[in-house]
Amino acid sequence: MNDEPNPGSPAAGAPRLDFDTTWSYAPAPESTEHLRLRSSYGLFIDGELRAAASGETFTTINPATEMEIAEVALAGPEDVDRAVRAARAAFEGPWGRMPAAERGKIVFRIARMIQERARELAIVESIDGGKPIRESRDVDLPLAAAHFFYYAGWADKLDYAFPGRVARPVGVAGQIIPWNFPLLMAAWKLAPALATGNTVVLKPAETTPLTALLLAEILQDAGLPPGVVNIVTGAGETGAELVRHPGVDKVAFTGSTEVGKLIQRALAGTGKRYTLELGGKAANLVFDDAAIDQAVEGIVNGIFFNQGHVCCAGSRLFVQENIANRLLRKLQDRMQTLIVGDPLDKNTDVGAINSRQQLETIEEYLAIGQEEGARLFQPSCPLPERGYWCRPTLLLDCTQSHRVVQEEIFGPVLTVQTFRTVEEAIERANNTPYGLSGGVWSDKGAKAFRVSSRMRAGVIWANTYNKFDPTAPFGGYKESGMGREGGLHGLEPYVALSRHDTNGARA
Amino acid sequence: MTTSTNARTGGASPPLGSLLVPIDEVGVADRVERLTRRSIKKGPKLQALHMVLSMIDLTTLEGADTPGKVRQLCAKARRLHEDPTLGLELPHVAAVCVYPSMVAEARRGVAGTAIKVASVATAFPSGQAPLEVKLADTRAAVADGADEIDMVISRGRFLAGDYAYVFDEIAAVEEACGEAHLKVILETGELGPLDEVRRASDLAIAAGADFIKTSTGKVQPAATLPVTLVMLEAIRDHYYATGRAVGMKPAGGISKSKLALQYLVMLRETLGEAWLTPDLFRFGASSLANDVLMQIVKQHTGIYQSPDYFALG
């Protein structure tokens, strides 16, 4: 532990920088003039948008204004059943018979059409989910297109992905995606499933259904046969119906560990395949030989990217004690320059918390952390009056036994601890039920490799954080889930492999 | 060669042990990219354009410079632009920057104004002269009325690892400056990786620089955003440690308003309010002023005028 009292608090009278400047930036909202959103959206089943069989709907709201955006159909058991049957028919029909190269062409076309409509999709993503337009424009959309481009290339090359074996599609995939990267997670799920010849029933998150429904338009325009992708909007119960449906061959879920465990229980003994991408509580280790100013930037990107609604967020900071004061002072100054507010403003760094429910969860953890003895630091930035907001937050003086260190908060909240030795850093980084990701900051290459190879997590970034690429596999250890998405590894959950016999016939 | 004693360093030797601050080039590039995404519009844009004008060291550093050219430069510095229909109230530039032989002419040219006279010295731009010549160069410029001296470091010595020589040389020039402010040009285009930019920045600051400056403008690349970020971070670390505020001057290659505003965004988000002043930030530029003026007029009229309507400096 750090011997100095209150690391991160500059001594009284120490020189301070003032970021409340007489010159700052005017609002620069992205124009929504050309946006045409409907007042209600149906389910996308068998190539058509239709109302739920029960006629029920739910409302999706803009978390930055608390205003209603649209009514969305609430899929019940009958709708899920219809969607799964449509997917089965497409699998046994036109999609199953289509040559792989033709399948690839359609997936390529989807990628290009996402690029063409990127601006519109980015704006809708920010309106529906609260994330800053800077991120939806520069991260979510380019990556979503990149995933379709990448997997489109595999469609007619599966023999090379799995040499000596035959890769057949699994069948109907039930895919449930979270609210933090709505379109990007749809891309992660759909692209490999389609490239390998499966059909899909996709369930977007309750609070962020809109971009998936816009994607449905793209899928139609791209010439995807009806029923290959079906989209059923709803809440947890809709997802549960999908998981339970006997016509589903494979379940892919991204979301909370709690729900992941329920899914795993429900699927036990059914023979259905599944992949789970669940929570995380990543350690970000900063050693005293790191490039500190760049580490500060990486810490900021690690935890405040997408309001901290990121399963691989670097939410536990460990700083070597001899640089803790210097680093934390820089980090606090950097946080003073973060702009929190209107997600559509091009200068916004931290947008709105996705929902009232999530905001309440975060605020509860802030209270718990302080009761446990953590010291709270937040910058003094102004917040809008309406909407769901949380200032970027440090919880200083944390220990391993604090709940805020052990449990995933899924918000812009960073716990801070110090360490003395490399061994201590690794031991504490691994002392968590999760294992999705982590970060190492050191200017010494050997140290970065040695430490990262001993961290038990699926993705370790060295001297950077939150970099994503469709060619790289992503997934967790322990309670962070099972299975990998992205890269060659991301094909495996969607194929059934069998061997060629020596005559080239399929066994 | 003896180490000089001056108020700023207290005769201290260079902090060689601390001259090893690692810089991650990829991380710097990421940060720069993010800073350049800031959108500056309307009122704050106009405010920033005025600030840029007030921070310009209007420069002519040519072998072909004549007293007449310097008089023209000073006239421009005093009176950047007149547009009777708009009634613009424009600031004057921070300084004119000339060779030592032109200091006296420049002094006369800005007489009666608050515009400073800056002179390059120390065998600018190469710095390849004996120390005594460099000190004489400096003293002559100061004697002729220079308020500010822009010196160059001995890059050969620096790259050879002779940091003590470079430190002592800066300290000696600082002493020769007397009351004049000292800007230390690192010539970052000749230093290689950003770690060396940081090392040179720390050395110059420790040796007593009032300002650190990227470039002479005679070597490519001159000022860049990544180099400037690393230098601003060195200034920030020195301020955290000592409370002394060192100034920053990117010079060379900044000829467009948009780029100048990106520098101001970087300055604002790295050092904050105290540095948003010509006392602590300058642009070394010759053609930037007219582009800024064109933008200011455009902010008022909505129309870009022809460059023919803006007088040359």
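What counts and how
- Residues numbered from 1 in each chain as written.
- Chains lettered and ligands numbered in written order.
- Predicted model: local features only at pLDDT ≥ 70, side-chain atom pairs only at ≥ 80, totals over all residues.
- Helix = DSSP H or I, 4+ residues; strand = E, 2+ residues; numbered from the N terminus.
- Rg over C-alpha atoms; globule rule 2.2 N^0.38 Å.
- Buried ≥ 20, exposed ≤ 12 C-beta atoms within 10 Å, placed from the backbone.
- Contact = placed C-beta atoms within 7 Å.
- Pairing = 2+ DSSP bridges.
- Axes fitted to C-alpha atoms, helices over the stretch in contact; angles between N-to-C directions.
- Parallel < 35°, antiparallel > 145°, perpendicular 65-115°, else oblique.
- Left-handed = near helix turned anticlockwise from the far one by under 90°.
- Nonpolar A, V, L, I, M, F, W, Y, C, P; charged D, E, K, R; others polar.

Participant: In this structure, what is going on with the overall build of chain A? I would like to understand it.
Facilitator: Secondary structure assignment for chain A yields 16 helices and 20 strands. The C-alpha atoms of chain A give 23 Å as radius of gyration, which agrees with the globular expectation for 507 residues (23 Å, within 12%). Its C-alpha atoms put chain A at 75 × 55 × 35 Å along the principal axes. For chain A, the proportion of its 507 residues judged to be buried stands at 55%. Expressed as a percentage of contacts within chain A between residues at least 6 apart in sequence, the contacts between residues at least 24 apart total 73%.

Participant: Even after reading the chapter, I still don't get the overall build of chain B, so can you show me in this structure?
Facilitator: When helices and strands are tallied, chain B shows 11 helices and 8 strands. Here chain B holds 313 residues, and the buried ones make up 50% of them.

Participant: Help me understand the sheet that holds strand S6 (residues 211-213) of chain B in this model?
Facilitator: Paired through backbone hydrogen bonds, the strands of a sheet run either parallel or antiparallel to each other. All names here are of chain B. Read across the sheet, 8 strands follow the order S7-S6-S5-S4-S3-S2-S1-S8 without closing on themselves; strand pairing throughout is parallel. Each edge of the open sheet is held by one strand with a lone partner, namely strand S7 (247-249) and strand S8 (283-285). Going across the sheet, the axis of each strand differs from the next one's by a mean of 25 degrees, ignoring polarity. Relative to strand S4 (residues 148-152), strand S3 (residues 116-120) runs parallel, the two being bridged by 3 bridges. From the neighbouring strand, Val120 faces S4, where its bridge partner is Asp150. Lying over the sheet, helix H3 (residues 67-78) contacts strand S1 (56-59) and strand S2 (95-98), oriented at roughly 160 degrees with respect to S2.

Participant: What's the story with the sheet that holds strand S12 (residues 283-286) of chain A in this structure? I'm lost.
Facilitator: Residue and element names in this part refer to chain A. In spatial order, the strands read S14-S15-S16-S13-S12-S17-S18; together these 7 strands make up an open sheet with mixed pairing. The sheet is open, and its two edges are formed by strand S14 (375-377) and strand S18 (459-462), each paired on a single side. Each strand axis lies, on average, 20 degrees off the axis of its neighbour in the sheet, ignoring direction. Looking at chain direction, strand S15 (residues 393-396) and strand S16 (residues 413-419) are connected through 3 bridges and run parallel.

Participant: Is there a simple way to think about unusual backbone geometry in this case?
Facilitator: Most peptide bonds take the trans form, and the phi angle of most residues other than glycine is negative. Following B:Phe124, the chain continues into B:Pro125 via a peptide bond in cis, with omega recorded as 0 degrees. Here B:Pro125 lies in the loop between S3 and helix H5 (131-143). The omega angle of the peptide bond from B:Gln220 to B:Pro221 is -5 degrees, so this bond is cis rather than trans. The residue B:Pro221 is located in the loop between S6 and helix H9 (225-242) in this model. Non-glycine residue A:Lys478 carries a positive phi angle of around 50 degrees.

Participant: Any chance you could explain the packing of helix H11 (residues 292-304) of chain A against helix H1 (residues 25-35) of chain B here in plain terms?
Facilitator: Running from N to C, H11(A) and H1(B) point in directions that differ by 55 degrees, and their axes come no closer than 9 Å. Considered as vectors, H11(A) and H1(B) are oriented oblique to each other. The hand of the H11(A)/H1(B) crossing is left-handed. Across from A:Gln294, A:Glu297 and A:Gly298 in H11(A), the residues of H1(B) making contact are B:Gly27, B:Val28, B:Asp30 and B:Arg31. The residue makeup of the contact of H11(A) with H1(B), split by class, is 1 nonpolar, 3 polar and 3 charged.

Participant: Hey, could you run me through the interface of chain B and chain A in this one?
Facilitator: The extent of an interface is frequently quoted as the accessible surface area lost upon association of the parts. Between chain B and chain A, the contact holds 30 residues from the first and 26 residues from the second. Contributing elements (two or more residues each) for the side of chain B that touches chain A: H1, helix H2 (42-54), H9 and helix H10 (257-271) of chain B. Top element by residues in the side of chain B that touches chain A is H2(B). It accounts for 6 residues. Its residues placed into classes, the side of chain B that touches chain A shows 13 nonpolar, 6 polar and 11 charged.

Participant: Honestly, the environment of B:Arg244 in this entry has me stumped. Any pointers?
Facilitator: Residues and elements named next belong to chain B. By secondary structure assignment, the location of Arg244 is in the loop between H9 and S7. Here the alpha-carbon distance between Arg244 and Asp210, two residues 34 residues apart in the chain, equals 9.5 Å. Sequence-distant contacts of Arg244, that is, excluding residues within four places in its chain, are made with His238 and Tyr239.

Participant: Looking at this structure, how should I read the packing of H5(B) against helix H7 (residues 163-177) of chain B?
Facilitator: Helices that pack against each other are described as a pair by the angle of their axes relative to one another and the distance between those axes. Residue and element names in this part refer to chain B. Contact pair H5 / H7: the axes reach a minimum separation of 9 Å and the direction vectors enclose 30 degrees. Considered as vectors, H5 and H7 are oriented roughly parallel to each other. Taken as a pair, H5 and H7 cross one another with a handedness that is right-handed. Residues Leu131, Lys134, Leu135, Thr138, Arg139 and Val142 of H5 touch H7, and the partners they reach there are Glu169, Ala172, Val173, Ala176 and Cys177. A class-by-class count of the residues in the contact of H5 with H7 yields 7 nonpolar, 1 polar and 3 charged.

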